[in-house]
Amino acid sequence: MNQYIKDTIETIYNRYDSQPEFVQAVEEFLLSIEPVVDKHPEYKKNDLLMRLISPERLFKFRVVWTDDEGNAHTNMGYRCQFNGAIGPYKGGLRFQKNVNESIIKFLAFEQTFKNALTGMPIGGGKGGSDFDPAGKSESEIMRFCQSFMTALYRYIGPDIDVPAGDMGVSQREIGYLFGQYRRLKGNFENGVLTGKGLSYGGSLIRPEATGYGAVYYLNEVLKHENDTLEGKRIGVSGYGNVAWGIMKKAAELNAKVIYMSGPDGYIRDPDGISTEEKLNYILEMRRIDPMHCKPYAEKFNCEFVPNKKFWGVSDVDIYMPAAVQNDVGFEAAKLIGDSGVKYYIEVANMPTTNDALSYLRSCEHIIVAPSKAVNAGGVGVSALEMSQNSERLSWTAEEVDEQLHRMMKTIHDNSVKAAEEFGLGYDLVSGANIAGFEKVAEAMLEQGLF
Ligand code: GLU
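Here is what the cut-offs are and how they apply
- Residues numbered from 1 in each chain as written.
- Predicted model: local features only at pLDDT ≥ 70, side-chain atom pairs only at ≥ 80, totals over all residues.
- Heavy atoms only, no water.
- Buried < 20%, exposed > 50% of the residue type's maximum accessible area, 1.4 Å probe, protein only.
- Helix = DSSP H or I, 4+ residues; strand = E, 2+ residues; numbered from the N terminus.
- Pairing = 2+ DSSP bridges.
- Contact = heavy atoms within 4.5 Å.
- Expected span 1.5 Å × (residues − 1).
- Arc of directions from axis to C-beta.
- Polar contact = N/O pair within 3.5 Å; in protein donor to acceptor, adjacent residues only side chain to side chain.
- Near = heavy atom within 4 Å.
- Areas by Shrake-Rupley, 256 points an atom, 1.4 Å probe, with all protein chains shown as cover.
- Nonpolar A, V, L, I, M, F, W, Y, C, P; charged D, E, K, R; others polar.
- Salt bridge = Lys/Arg side-chain N within 4 Å of Asp/Glu carboxyl O.

1. Topic: the pairing of strand β3 (residues 89-95)
On a regular strand, each side chain points to the face opposite its neighbour's, so the side chains alternate between the two faces of the sheet. Among the seven residues in β3, seven count as buried, and that is most of the element. Relative to strand β5 (residues 161-164), β3 is paired through four bridges, and the arrangement is parallel. If you follow G92 over to β5, its bridge partner there is A164.

2. Details of the side chain of T210
Following the sequence through the fold, T210 ends up in helix α9 (residues 206-224). Residue classification places T210 among the buried residues on the basis of a relative accessible area of 11%. When near neighbours in sequence (up to four residues on either side) are disregarded, T210 contacts V242, V374, N375 and G378.

3. A few points about helix α1 (residues 3-15)
The first and last C-alpha atoms of α1 sit 18 Å apart over 13 residues, in line with the 18 Å expected at 1.5 Å per residue. Taken together, the buried positions of α1 are Y4, I5, T8, I9 and I12. Projected down its long axis, α1 shows its buried positions confined to an angular sector of 135 degrees, all on one face. Turned more than 90 degrees off the buried face of α1, the exposed positions are E10 and N14. The opening residue of α1 is N2, an N-cap whose side-chain oxygen sits 2.8 Å from the backbone nitrogen of Y4.

4. Details of the site of the ligand
As a matter of local geometry, the ligand sits amid 13 residues, with K90, K114, G165, D166 and S382 nearest to it. Residue Q111 places a side-chain N or O atom 3.1 Å away from an oxygen atom belonging to the ligand. One nitrogen or oxygen atom from the side chain of S382 is found 2.5 Å from an oxygen atom belonging to the ligand. In the complex, the protein chains occlude 92% of the 290 Å² of accessible area that the ligand would expose alone. Tallying contributions element by element places β3 first for the shell around the ligand, with three residues. Looking at the shell around the ligand residue by residue, the class counts come to two nonpolar, six polar and five charged.

5. Remarks on the pattern of salt bridges
Applying the stated rule across the entire model yields 28 salt bridges. D166 is the salt-bridge partner of R94, the closest N and O atoms lying 2.7 Å from each other. In this pair, R94 is assigned in strand β3 and D166 in the loop between β5 and α8 (171-185), connecting sequence segments 72 residues apart. D166 matches R94 in its accessibility class, with the two residues each being buried. Each of E220, K223, K409 and D413 takes part in salt bridges that share partners, so that together they form one network.

Below, the structure is given as structure tokens:
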């Protein structure tokens, strides 16, 4: 192994031993850019790798809010401005019980390279809170969002840092966050957040963008293999916004999602989760209770398997983990390897543990695509939302969709090119890491030391 990479990995293990997700993301990344680092001795002189894996800054603040009974609660809030070399920091906010510094940092790190891959001028950031939205009333959510923004507003702005949604933060929360930002600033700066409602500067196709983009990317992979989407059966973990977008676009392109899962177990619907009625039902089910997907099986009379994941089934052609980080561990990866399924397309951020990912990449019959490329369409369309806001106009759904489609094709093609340049063959994981890294590294080197 390259000595400089080895030393850097050792440093992060020592320095961040209490941040396992962050260390995991950095290690996987550094190992796959090795051929580039080998070619550039000047990186070491510039301390480029340590600078690259050290966030520019990280804000931590308390967020106090009152519940409907008038009791006060205190949560932690975070915003990590990881790397601003190519544009204002950009990335979502996650509201979930398990959110901590390590998770926010791994997400912000991944975001930096994902955003670079989109070709848009956006740096990497991420934020959130350990607030648990489950079971909260509408007014509790509003009060929490207002309090969160009261702490955050001084650090963000349309040219500084532009948050958006992630798990637990959708258009509703973005609305409350934006309202509070506007109230505090006394300015209509709608470019400060993306994922907004259409009536105040949101972009058409943004809610669908991550899922649609994932299917467009998948389509490029299939084309590369002289294959098509027609008739393909897909297993998607999760049933959130991203999974929903995949189901919708897959149905449109004559493929079908036949598995989905939630924290309570998984659903198998061999007819495909494809009709408008089913897709609308998923939205409704999630709004009422984001922890259980079982009601779908009751409503549409199909199989529900409690407390299990479907990794290892062989009646699909494509696996798309689209739920949470580390959803697929080593044992699951072995089952996936044995299933004979050819395509493993990551969608959620870091859905695969490092040992599982190495195993899957070593399976000759499997093509692995990395999340930071596959899910980049979401933030890509957020960047299009920023463009529309700064020009004070809005594009049609067709215009946005066409740009999204083009963006996903470019991400795939640039990853392929980057991997080929270093003699790695059709290696989408290394290709994405290298292409994202090269862009950020070039900008950092040209801007001098800091
Ligand atoms: N949270 C999403 C992501 O992981 C979207 C970020 C954004 O639109 O800024 O990329």
